[in-house]
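Commentary on secondary and tertiary structure
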Amino acid sequence: MRGSFLRRRLLSSLTAVLGVSVLVFLLVHLIPGDPVDNLLGERADPIDKLEMRRCMDLDQSLVVQFGRFIKNVGNGTLGRTCPDQRRTVTSLIAEALPSTIALAGAAMFVALIFALPLGVAAALRPRSALDAGATIISLAGISMPSMWLGPLLLAIFYVGLQWLPGPADQAGLPGLILPAFMLGTHLMAMLARMTRSSLLEVLGEDYVRTARAKGLSSTVVVLRHALRNALVPVITVAGIQFGSLLAGAVVTEKVFARPGIGTLLLEAISQRDYRVVQGCTLVIAVSYVTVNLLVDLAYGLADPRIRVQ
Amino acid sequence: MRRFFGKVGIGPTFGLLLLTAFFLAALVGPWLAPYGPEAQNLGHLLEKPSHAHLLGTDENGCDVLSQLLWGARLAAGISLTVVALCLAIGTAVGTIAGYFGGWVDEVIMRAVDVLLAFPGILLNLAIVAMVPSAGVGVFVFALTINGWVGYARVARGQVLQVREREFVQAARALGASPWRIMLRHVVPNTLSPLIVQATFGFAGVILVEASLSFLGVGRLHNYSWGSLLSQGTTYLWRTQHLAMAPGIAIATVVLGCNLVGDGLRDRFDPRRSIR
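All figures in this text were calculated on a predicted structure; none of them were measured in a lab.

Along its length, chain B carries 13 helices and zero strands. The helix and strand sequence of chain B, counted from the amino end, reads α-α-α-α-α-α-α-α-α-α-α-α-α. Principal-axis analysis of the C-alpha atoms places the extent of chain B at approximately 75 × 55 × 30 Å. Split into buried and exposed, the 275 residues of chain B put 51% on the buried side.

Turning to the domain arrangement of chain A, a few remarks are in order. All names here are of chain A. The assigned domain composition of chain A is domain 1 (2-89) and domain 2 (96-308). Here the C-alpha centre of domain 2 lies 32 Å away from the C-alpha centre of domain 1. Between domain 1 and domain 2, the residue contacts involve 29 residues of the former and 21 residues of the latter. Summed over both sides, the interface of domain 1 with domain 2 buries roughly 2,300 Å², with 69% coming from carbon and sulfur. Counting the contacts that link domain 1 with domain 2 gives two salt bridges. There are four residue pairs in polar contact (both at pLDDT 80 or more) connecting domain 1 and domain 2. Breaking the side of domain 1 that touches domain 2 down by element, the ones donating at least two residues are helix H1 (2-30), helix H2 (35-40), helix H3 (46-55) and helix H4 (62-74). Here the side of domain 1 that touches domain 2 gets 15 residues from one element, more than from any other, and that element is H1.

All right, on to the interface of chain A and chain B then. Contacts between chain A and chain B engage 47 residues on the former and 44 residues on the latter. Summed over both sides, the interface between chain A and chain B buries roughly 3,800 Å², with carbon and sulfur atoms accounting for 79% of that surface. Counting across the interface, chain A meets chain B through one salt bridge. Note that Arg 193 of chain A and Asp 262 of chain B form a salt bridge whose closest N and O atoms lie 2.9 Å from each other. Counting the contacts that link chain A with chain B gives two residue pairs in polar contact (both at pLDDT 80 or more). Looking at the side of chain A that touches chain B, the elements that each hand over two or more residues are H1, H2, helix H6 (129-143), helix H7 (146-160), helix H8 (174-203), helix H10 (218-255), helix H11 (261-270) and helix H12 (274-302) of chain A. No other element matches the eight residues that H1 of chain A contributes to the side of chain A that touches chain B.

With that settled, consider the confidence of the model for chain B. The predicted coordinates should not be examined in detail at positions where pLDDT is low. Residue and element names in this part refer to chain B. Mean pLDDT for chain B: 86, with 95% of residues reaching 70 or above. Model confidence for chain B, summarised as mean pLDDT per element, is weakest for helix H13 (residues 270-274) at 52 and strongest for helix H3 (residues 64-100) at 94. Confidence metrics for the complex model read pTM 0.88 and ipTM 0.84.

All names here are of chain B. Summarising the element assignment, Gln 158 is placed in helix H7 (residues 148-162). For Gln 158, a relative accessible area of 19% corresponds to the buried category. With near-sequence residues (within four places) excluded, Gln 158 lies in contact with Asn 189, Thr 190 and Pro 193.

Next up on the list: a nonpolar patch on the surface. Residue and element names in this part refer to chain A. A contiguous nonpolar patch, built from Phe 109, Ile 113 and Phe 114 and spanning about 320 Å² of accessible area, is present on the exposed surface. Note on placement: Phe 109 falls in helix H5 (residues 89-124). On the basis of relative accessibility, which here comes to 55%, the residue Phe 109 falls in the exposed class.

Our focus in this paragraph is the nonpolar core. All names here are of chain B. Phe 22, Trp 225 and Ile 250 are the most contacted members of the largest nonpolar core, which totals 153 residues. Residues in contact with Trp 225, not counting those within four places in the same chain, are Phe 22, Leu 68, Gly 71, Ala 72, Pro 246, Ala 249, Ile 250 and Val 253. Within the second largest apolar cluster, eight residues are counted, among which are Val 159, Val 168, Ala 171 and Val 186.

Attention now moves to the side chain of Arg 258 of chain A. Residue and element names in this part refer to chain A. Tracing the backbone shows Arg 258 in the loop between H10 and H11. For Arg 258, which is buried and forms no salt bridge, the nearest opposite charge comes from Glu 253, at a distance of 5.5 Å. Here Arg 258 is in contact with Ser 99, Leu 103, Gln 170, Gly 175, Leu 176, Pro 179, Glu 253 and Thr 263, once residues within four sequence places are set aside.

Count 3.6 residues to each turn of an α-helix, and residues three or four apart come out pointing the same way. The sharpest bend along H8 of chain A measures roughly 45 degrees and falls at Gly 184 of chain A. Burial of H8 of chain A is extensive: 21 of the 30 residues sit out of reach of the surface.

Looking now at the packing of aromatic side chains. For the structure shown, the criterion picks out twelve aromatic pairs over all chains. On the basis of an interplanar angle of 40 degrees and a centroid distance of 5.5 Å, the ring pair of Phe 25 of chain A and Phe 69 of chain A is categorised as tilted. In this pair, Phe 25 of chain A is assigned in helix H1 and Phe 69 of chain A in helix H4, connecting sequence segments 44 residues apart. On the basis of relative accessibility, which here comes to 6%, the residue Phe 25 of chain A falls in the buried class. Note on Phe 22 of chain B and Phe 202 of chain B: the rings are 6.2 Å apart at their centroids and 65 degrees apart in plane angle, and the pair reads as edge-to-face. One end of the pair, Phe 22 of chain B, is in helix H2 (residues 10-32); the other, Phe 202 of chain B, is in helix H10 (residues 191-215), and 180 residues separate them in sequence. The same class applies to Phe 22 of chain B and to Phe 202 of chain B, which are both buried. Grouped by ring-pair contacts, the aromatic residues Phe 22, Phe 23, Phe 202 and Trp 225 of chain B constitute a single cluster. The ring of Trp 31 of chain B carries the charged tip of Arg 73 of chain B above its face, separated from the ring centre by 5.6 Å.

What counts, and at which threshold
Residues numbered from 1 in each chain as written. Chains lettered and ligands numbered in written order. Predicted model: local features only at pLDDT ≥ 70, side-chain atom pairs only at ≥ 80, totals over all residues. Heavy atoms only, no water. Helix = DSSP H or I, 4+ residues; strand = E, 2+ residues; numbered from the N terminus. Buried < 20%, exposed > 50% of the residue type's maximum accessible area, 1.4 Å probe, protein only. Domains from an automatic or database assignment. Contact = heavy atoms within 4.5 Å. Buried area = accessible area lost by both parts, 1.4 Å probe. Salt bridge = Lys/Arg side-chain N within 4 Å of Asp/Glu carboxyl O. Polar contact = N/O pair within 3.5 Å; in protein donor to acceptor, adjacent residues only side chain to side chain. pLDDT = per-residue confidence, 0-100. Patch = residues over 30% accessible without salt bridge, like charges linked within 9 Å, V, L, I, M, F, W, Y side chains within 5 Å. Areas by Shrake-Rupley, 256 points an atom, 1.4 Å probe, with all protein chains shown as cover. Core = buried A, V, L, I, M, F, W, Y, C linked by side-chain atoms within 4.5 Å. Lys, Arg positive; Asp, Glu negative; His and termini not counted. Bend = angle between axes of the 7 residues up to and from the residue. Phe/Tyr/Trp six-rings, centres within 6.5 Å; stacked < 30°, edge-to-face > 60°. Lys NZ or Arg CZ within 6 Å of the ring centre and 35° of its normal.

Right, dumping it as structure tokens:
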């Protein structure tokens, strides 16, 4: 049974990666109008247009274009940048990615470290003032647009209180705090709500009542019996959301002027460097699929029922 | 009044109030706006709120309140269109996948998997960025292209349950065609969770559209809420009112959707409301 679960899950991830590659390749063709006109503008110099066409392989048939695209993905370079061909797309992404992963990791840490206590406290005292407070915090976190929260955090903690470094000084851990809060708040609110409802559900289960009935202390019942089961779906969602954090980093990196894959993507968009846009999109989407696969496999290992379904 | 609160709950009622205010602003706001959205008053740049300009002016001397009201119409128009399109496409595709099953289901769900593999605003951003001076139409297209998949998944899950129910089998036994069964018997019984999804989806579209305008891709009007926020944050060090107005506006609408969505979900799924 385990082998077939693994095979099925791997197969569906592979189809997703293949589909993503085709879609990213087609992106330039899907949009109405001539791609080069779209990129350079209709009144651009014909020589520039010709060069762009050649650089992007648009002078070839669609099949040849796709073949070259797959070849570039296969050999790991993702092609050379266009119009100026000095670097491979992979080298640009490799430079940018560590900073984005650090940001996403810090945001995940912030989300979990606040969401779990908030959700647990709310679930242990439902309909109390504590629960109401936690609900208000989560609703505010879900509703606040991150591109508003980020600048507000900067205005308060950097300009006003001067406790934390701003966009000019992003090195080291202190520089990561505000961006991590900007990126992680939405996820924190989501996870806090999930923790609350998941724990409330588990606390009503028979085995929790049994544990209480045999005289275990409240702490042991909650920590050993209830929380362990309640957290499984929460951790799964957190894992799946890691990919969304990579994509959400685009906005955070813009607000804090941080280097990273989002900044690279936005620069490529403004310079109309199509290959880099394709490359960044592909890398983020494929990491997302991979993380989802790993989370699913881990979930399958933890909970045998999943493997059978 | 107390009866109404008891039945609907204070959260959803508050959410409904917020959303009503938003749609009213979108509907009649532009007529009530004291100035045109792009009318500049160069003698009054970056002014704080006053009697003449209730929410102040921006760096071009435009009235922030007027921009906000026009922006509400833009946000409501785009979001309603996108949610309606996604709801229609997603329900149709999900119902077909769930009802027919087999290879039809397999093909559709693989396509859904591919679109779900683009996290967050990634695909929307790539599409809007590729089109030169992308306007409202491109925004709607970009937000719809992967927006429907969530609805399709919910619809499919519902249809899988409903298609085995007795009334569907009865219709089948009476010789009704699959399309008639889907339209008349299956879809009406799957709508509740889809409406809940649409309520949360509306908030999502407002946020994504604002994020795209904030990032400066596409060419929506200068008074779109995302653009106003982006402009406001540029001047945050000098004056706060520019960033506060659009930020509060976006947060209010998203909060309203979440409260109403929670209320509807509890109502359609009574098990949840006990918690």
